[in-house]
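Close look at the chain arrangement
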Amino acid sequence: NAGVTQTPKFRVLKTGQSMTLLCAQDMNHEYMYWYRQDPGMGLRLIHYSVGEGTTAKGEVPDGYNVSRLKKQNFLLGLESAAPSQTSVYFCASSDRGGWDEKLFFGSGTQLSVL
Amino acid sequence: DQQVKQNSPSLSVQEGRISILNCDYTNSMFDYFLWYKKYPAEGPTFLISISSIKDKNEDGRFTVFLNKSAKHLSLHIVPSQPGDSAVYFCAAQNTGNQFYFGTGTSLTVIP
């Protein structure tokens, strides 16, 4: 029962470096999301996708890009990492976008930008 | 601006007693509310939800109460068990739109 899998689990970057976080789900969910969690703040939505080939901006999209080329994968990219992007990143998926929607989360990626 | 607030960062309760976690929201358009539980080094997992057409939803030891006029919801855990020790996040949604999460409450159940 893999559910939502995130890779890598930990990463340290230098300012200006780029990286891609991979999220994969095996539940055939249409909707996928990227959140970040920071101390003293709730989970904040970065970008989301309502289906293969679609993406949309969330609450805090600046500095990130995403792609959903395959239904099961949702990639989060940082083109030029900044210390403000030090955070824990969670990917989530859900099987519907209406009432009674439930998010299924991955275990997170701890990213530090020095 | 936080639309969903959990004003208690932490809570300690004796095993067997009731744990009450609180959550307040500001957006009257929210019509669906959820609680998630998170253990260290794991992602949040869904615990219980409630629609705005209800004022109570129960699932085993967990009950969520919704007071729409006060824009307040609470999660009751009875009886509390050591395995309930985790961070609990409240979340709210205007159906079909994005979820807004609170900052979390860390619950410690003391054996």
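Below or above, wherever it landed, is the structure these notes cover. (Residues numbered from 1 in each chain as written. Chains lettered and ligands numbered in written order. Predicted model: local features only at pLDDT ≥ 70, side-chain atom pairs only at ≥ 80, totals over all residues. Heavy atoms only, no water.)

Here we take up the side chain of Gln25(A). Residue and element names in this part refer to chain A. Relative to the assigned elements, Gln25 resides in strand β3 (residues 19-25). Relative accessible area serves as the criterion here: at 4%, Gln25 is assigned to the buried category. A polar contact of 2.8 Å, which involves the side chain of Gln25, links it to the backbone oxygen of His29. Leave out the neighbours within four places in its chain, and Gln25 touches Gly3, Val4, Met32, Arg68, Lys71, Gln72 and Ser93. (Helix = DSSP H or I, 4+ residues; strand = E, 2+ residues; numbered from the N terminus. Buried < 20%, exposed > 50% of the residue type's maximum accessible area, 1.4 Å probe, protein only. Polar contact = N/O pair within 3.5 Å; in protein donor to acceptor, adjacent residues only side chain to side chain. Contact = heavy atoms within 4.5 Å.)

A word on the sheet that holds strand β7 (residues 65-67) of chain A. All names here are of chain A. Strand order in the open sheet formed by four strands is β1-β3-β8-β7, with antiparallel pairing between adjacent strands. Taken across any chain shown, the strands that pair with only one partner, and hence form the sheet edges, are β1 (4-7) and β7. Across this sheet, the average inter-strand angle for adjacent strands is 20°, counted without regard to direction. (Pairing = 2+ DSSP bridges. Axes fitted to C-alpha atoms, helices over the stretch in contact; angles between N-to-C directions.)

In this section: the nonpolar core. If you look at the biggest cluster of nonpolar residues, it comprises 23 residues, and the most contacted ones within it are Phe33(B), Trp35(B), Leu73(B), Leu75(B) and Tyr88(B). Only β3 (19-25), β4 (32-38), β5 (45-51), β7 (62-67), β8 (72-77), β9 (86-93) and β11 (105-110) of chain B provide two or more residues apiece to this core. Examining the composition of this core, we find that four residues originate from one element, β9(B), more than from any other. Excluding its chain neighbours within four sequence positions, the residues that come into contact with Leu73(B) are Leu21(B), Asn22(B), Cys23(B), Tyr25(B), Phe33(B), Trp35(B), Val64(B), Phe65(B), Leu66(B) and Cys90(B). Tyr64(A), Leu78(A), Cys91(A) and Val113(A) belong to the second-largest nonpolar core, a separate cluster that totals 19 residues. (Core = buried A, V, L, I, M, F, W, Y, C linked by side-chain atoms within 4.5 Å.)

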